[in-house]
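Descriptive analysis of the structure
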Amino acid sequence: MSAEPYEPEFQQAYNEVYNCLNDSTLFEKKPVYKKVLPIVSVPERIIQFRVTWENDKGEQEVATGFRVQFNSAKGPYKGGLRFHPTVNLSVLKFLGFEQVFKNALTGLSLGGAKGGLCFDPKGRSDSEIRRVCYAFMKELSRHIGQDIDVPAGDIQVGGREIGFLFGAYRHYKNSWEGVLTGKDLNWGGSLIRPEATGFGLIYYTEAMIKYASDNKESFAGKRVVISGSGNVAQYAALKAIELGATVLSLSDSKGAIIAENGITAEQIYAIQEGRSAWKTLEQIIGEASVFSEGSVKYIAGARPWVHVGKVDVALPCATQNEVSGAEAEHLVANGVKFVAEGSNMGSTQEAIDVFEAVRVQTASASAPAVWYAPGKASNMGGVAVSGLEMAQNSARVQWTRETVDAELKKIMTTCFDDCVATSKEYSNESNGEALPSLVKGANLTGFIRVADAMLNQGDV
Ligand SMILES: NC(=O)C1=CN([C@@H]2O[C@H](COP(=O)(O)OP(=O)(O)OC[C@H]3O[C@@H](n4cnc5c(N)ncnc54)[C@H](OP(=O)(O)O)[C@@H]3O)[C@@H](O)[C@H]2O)C=CC1
Ligand SMILES: N=C(CCC(=O)O)C(=O)O
């Protein structure tokens, strides 16, 4: 498929799905699906709009906003909003395309979408962020609704932004409805939603560890390298520590922190607090008392993958294409056994090829192997709990923390089982001893569910 204009991120996301479907027996066993891919890879609707506001200096600023409503065959459009200067149509089409199949993997009635604004909120006041959110929602509110399209957070869209966006929608539409997820607990939010992506990533990875070790191993004692230091990275690190792992790193766009003896929960809370004031990791570890003993080092301009020694688990939790082919080779050389993405398309195709090549070459499932999970499966916990928030909103109730966490864990482990089963069902690999391919299993499972809905409803 040649995408015009040049859209490298979307092309990469499309190629991954295309290659997984073609490198399996799916089209041989069920030829009807061949005609679906060209259709499902075109968004149902793309909305692009001007956003303008007064900044803190009283100057008028302008930026371009988007909402890519990719597919609604399985439910209302559902997906995050990203506020970042790298936001463009290629990035949002890749994110929306991933979201279609990710949301299908939850087993919930959710379509796929993604949106955002080409804008850098860093260092801006709450008041200016509010003005931006109201200006953004002034247009977006024409195109969304609890049964139409339900946005949520993503990079640099967190609880504060969801609050302003929700208030804007309520004022513009005179309607209180579950039109956004990630809301505050005091007005329709769900317990566990802030933690959901990170916790779900750990639950999925735990399922990988247990399967590959015949239930003999868990996170306990594992050395874990994590990138990012935002919402996903923080809660993935906290849950990994709770399960007995040693978290060796976190990072941001300026550099990485490395702790050979592990980062503590208290240090993660200090990072959480510092980031809310737009502080960088370097500033935080230089100022917060919990870092004063000096056991954590900062490396400017670095990603953590090549700065940790022996490692068992790698969890990319920052942004797309944050693990290169060379970094993947370094991780494999340093003993990594499990790679699971918290970020969307966190690994380059070259990195995926490295991980998958080691998996296939493995003589037997019990031998040391590298097992890679794509974000559409392993980071699906966020949108899954968003779906649970929508269910609570529809029933006008709020479930307990334990209920939501148990449901999240069940959704993640069921998704893992589905990926394994589908990979085995449509495998064309001769090495029957190798671990199943989770990237193929995830893409085929999500695609089949969406394709069946589209075929049933006359989309194809
Ligand atoms: N929030 C959610 O519900 C979900 C998020 N995701 C994905 O997880 C990833 C992280 O999202 P989230 O934690 O919510 O976002 P946050 O904004 O909370 O944190 C993002 C982190 O990634 C870093 N980062 C962002 N862009 C870049 C870049 N271009 N280069 C290097 N580092 C970068 C940020 O550093 P800095 O602060 O310096 O910019 C920050 O540490 C994204 O890929 C997102 O799409 C996936 C599923 C659900
Ligand atoms: N940013 C998210 C969360 C989307 C959602 O909760 O609707 C993602 O799944 O990438």
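Residues numbered from 1 in each chain as written. Chains lettered and ligands numbered in written order. Predicted model: local features only at pLDDT ≥ 70, side-chain atom pairs only at ≥ 80, totals over all residues. Heavy atoms only, no water.

Remarks on the overall build of the protein chain
Secondary structure assignment for the protein chain yields 16 helices and 13 strands. Taken over C-alpha atoms, the radius of gyration comes to 21 Å for the protein chain, in line with the 23 Å a tight globule of 460 residues would show. Here the C-alpha coordinates of the protein chain stretch approximately 65 × 65 × 45 Å along the principal axes. Out of the 460 residues in the protein chain, the part that is buried amounts to 57%. Put simply, 74% of the contacts in the protein chain that link residues at least 6 apart link residues at least 24 apart. Roughly 17700 Å² of accessible area belongs to the protein chain as shown, and the carbon and sulfur atoms make up 49% of that amount. In the protein chain, the 46 positive side-chain charges and the 53 negative ones have mean positions that sit 3 Å from each other. (Helix = DSSP H or I, 4+ residues; strand = E, 2+ residues; numbered from the N terminus. Rg over C-alpha atoms; globule rule 2.2 N^0.38 Å. Buried < 20%, exposed > 50% of the residue type's maximum accessible area, 1.4 Å probe, protein only. Contact = heavy atoms within 4.5 Å. Areas by Shrake-Rupley, 256 points an atom, 1.4 Å probe, with all protein chains shown as cover. Lys, Arg positive; Asp, Glu negative; His and termini not counted. Charge placed at Lys NZ, Arg CZ, Asp CG, Glu CD.)

Some thoughts on the site of ligand 1
The environment of ligand 1 is made up of 25 residues, and the closest members are Lys-122, Asp-154, Arg-193, Ser-253 and Asn-344. Taking Lys-122, its side chain carries an N or O atom lying 2.8 Å from an oxygen atom of ligand 1. Gln-156 is positioned such that a nitrogen or oxygen atom in its backbone is 2.9 Å from an oxygen atom of ligand 1. Considered on its own, ligand 1 offers 890 Å² of accessible surface; in the complex 86% of this is hidden by protein. Here the shell around ligand 1 is built from residues that sort into four nonpolar, 14 polar and seven charged. (Near = heavy atom within 4 Å. Polar contact = N/O pair within 3.5 Å; in protein donor to acceptor, adjacent residues only side chain to side chain. Nonpolar A, V, L, I, M, F, W, Y, C, P; charged D, E, K, R; others polar.)

Thoughts on the sheet that holds strand β2 (residues 60–71)
Spatial ordering of the open sheet is given by β1-β2-β4-β3-β5, a layout of five strands whose pairing is mixed. Of all strands in the sheet, those with a lone pairing partner are β1 (45–54) and β5 (149–152), marking the two edges. On average, each strand axis in the sheet is inclined to that of its neighbour by 20 degrees, with strand direction left out of account. Relative to strand β4 (residues 112–117), strand β3 (residues 77–83) runs parallel, the two being bridged by three bridges. Pairing of Arg-82 across the sheet is with Gly-116, part of β4. Packed on one face of the sheet, helix α5 (residues 126–140) meets β1, β2, β3, β4 and β5 and runs near 145 degrees to β1. (Pairing = 2+ DSSP bridges. Axes fitted to C-alpha atoms, helices over the stretch in contact; angles between N-to-C directions.)

Let's talk about the sheet that holds strand β13 (residues 371–373)
Strand order in the open sheet made by the five strands is β7-β6-β11-β12-β13, with parallel pairing throughout. On the outer flanks of this sheet lie β7 (246–247) and β13, each paired with one strand and no other.

Looking at the site of ligand 2
Inspection of the region around ligand 2 gives 14 residues, with Lys-78, Lys-102, Lys-114, Asp-154 and Ser-386 positioned closest. One of the backbone nitrogen or oxygen atoms of Gly-153 is found 2.9 Å away from a nitrogen atom of ligand 2. Separating a nitrogen atom of ligand 2 from a side-chain N or O atom of Asp-154 is a distance of 2.9 Å. Protein burial of ligand 2: of its 300 Å² of free accessible surface, 94% is covered by the chains. Those elements that place two or more of their residues in the shell around ligand 2 are β3, α4 (89–105) and α14 (381–395). Residue composition of the shell around ligand 2, by class: two nonpolar, seven polar and five charged.

Overview of the pairing of β2
By the bridge criterion, 10 bridges tie β1 to β2 in an arrangement that is antiparallel. Residue pairing in the sheet places Gln-48 in a bridge with Phe-66 of β2. Counting the residues in the hairpin turn of β1 and β2 gives five residues, including Gly-58, whose phi is positive at 85 degrees. Two elements, β2 and β4, share six bridges in a ladder whose sense is antiparallel. For Val-68, the partnering residue across the bridge sits in β4 and is Lys-114.

With respect to the pattern of salt bridges
Scanning the model with the defined rule gives 29 salt bridges in all. A salt bridge links Arg-82 to Asp-154; its shortest N-O distance comes to 2.7 Å. Here the residue Arg-82 occupies a position in strand β3, and Asp-154 occupies one in the loop between β5 and α6 (159–173), the gap between them amounting to 72 residues. Owing to a relative accessible area of 22%, Asp-154 belongs among the partly exposed residues under this scheme. In this structure, the salt-bridge partner of Glu-287 is Lys-279, at a minimum N-O distance of 2.8 Å. Sharing partners across several salt bridges, the network here consists of Asp-23, Glu-356, Arg-359, Glu-429 and Lys-440. (Salt bridge = Lys/Arg side-chain N within 4 Å of Asp/Glu carboxyl O.)

Digging into helix α16 (residues 438–456)
Relative to the 27 Å expected for 19 residues at 1.5 Å per residue, α16 spans 27 Å between its end C-alpha atoms, a close match to the ideal helical length. Of all 19 residues making up α16, 15 are buried, and the element is well covered by its neighbours. Phi turns positive one or two residues past the end of α16, at Gly-458, with a value near 80 degrees. (Expected span 1.5 Å × (residues − 1).)

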